[in-house]
Amino acid sequence: MRDEVDELVEAWARERPDLDLAPVEIFSRIGRLARHLDLARKAAFSTHGIESWEFDVLSALRRAGAPYELSPGRLLKATLVTSGTMTNRVDRLTARGYVERQADPADRRGVLVRLTPDGKRTVDAAFAALLDAERDLLAGLPAQDRARLADLLRPLLAPFA
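By the naming in an unreviewed UniProt entry, the chain goes by MarR family transcriptional regulator TamR and is assigned to Nocardioides bigeumensis.

Here it is in structure tokens:
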């Protein structure tokens, strides 16, 4: 089985036989898969009326467990955005009725962002749609290879955690 990366690598090997192209074989495939995943995510989320950034915030709150709330600082860590960006996102999600701000009972100056029932329904439905889309992307890979691939990718991602 061949893919477009094979052609890319062959062209570079012809032009630059002095270079080790092993990284290109891996990261070009990861990059292309990431683009396909991004398109699948956008399609899955748009079906439920949300964008990828909205899903990221809502899913961070959903994963926190009941009562589905986090401090803005914890949301920043979970979504890897700046505090200004998070403030804007929480404002927009509040306006849509997906989250609400509440005083933090453990810190009189603090605030917690809580998922509303509508936000919970939306993120649950969007997550189910995302899983369907991701299963479709993985359909050509046997289950044992999926587990092996996850294990192989883990050490590449772990240093960034």
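J.: I'm lost on the nonpolar core in this one. Help?
T.: Within soluble globular proteins, side chains that are nonpolar tend to cluster in buried spots. Membership of the largest hydrophobic core comes to 23 residues, with the highest contact counts inside it found for Phe 45, Phe 55, Leu 58, Leu 61, Leu 75, Leu 93 and Val 99. Elements with a minimum of two residues in this core: helix 2 (22-46), helix 3 (52-63), helix 5 (83-95), strand 3 (107-115) and helix 6 (117-138). Top element by residues in this core is helix 3. It accounts for 6 residues. Sequence-distant contacts of Leu 61, defined by excluding residues within four places in its chain, comprise Tyr 68, Glu 69, Leu 70, Leu 75, Val 99, Val 113 and Leu 115.

J.: What is the right way to read the sheet that holds strand 1 (residues 69-70) from this model?
T.: Note: strands within a sheet are paired through backbone hydrogen bonds, in either parallel or antiparallel orientation. The strand order across the open sheet built from 3 strands is 1-3-2, with neighbouring strands paired in antiparallel fashion. Sheet topology places strand 1 and strand 2 (99-104) at the edges, where each strand pairs with a single neighbour. In this sheet, strand 3 lies alongside strand 1 in antiparallel orientation, the contact comprising 2 bridges. Within strand 3, the position partnered with Leu 70 by the bridge is Val 113. In the packing of helix 3 onto the sheet, the strands contacted are strand 1, strand 2 and strand 3, and the crossing angle to strand 3 comes to about 105 degrees.

Cut-off values and rules
Residues numbered from 1 in each chain as written. Predicted model: local features only at pLDDT ≥ 70, side-chain atom pairs only at ≥ 80, totals over all residues. Heavy atoms only, no water. Core = buried A, V, L, I, M, F, W, Y, C linked by side-chain atoms within 4.5 Å. Buried < 20%, exposed > 50% of the residue type's maximum accessible area, 1.4 Å probe, protein only. Helix = DSSP H or I, 4+ residues; strand = E, 2+ residues; numbered from the N terminus. Contact = heavy atoms within 4.5 Å. Pairing = 2+ DSSP bridges. Axes fitted to C-alpha atoms, helices over the stretch in contact; angles between N-to-C directions.

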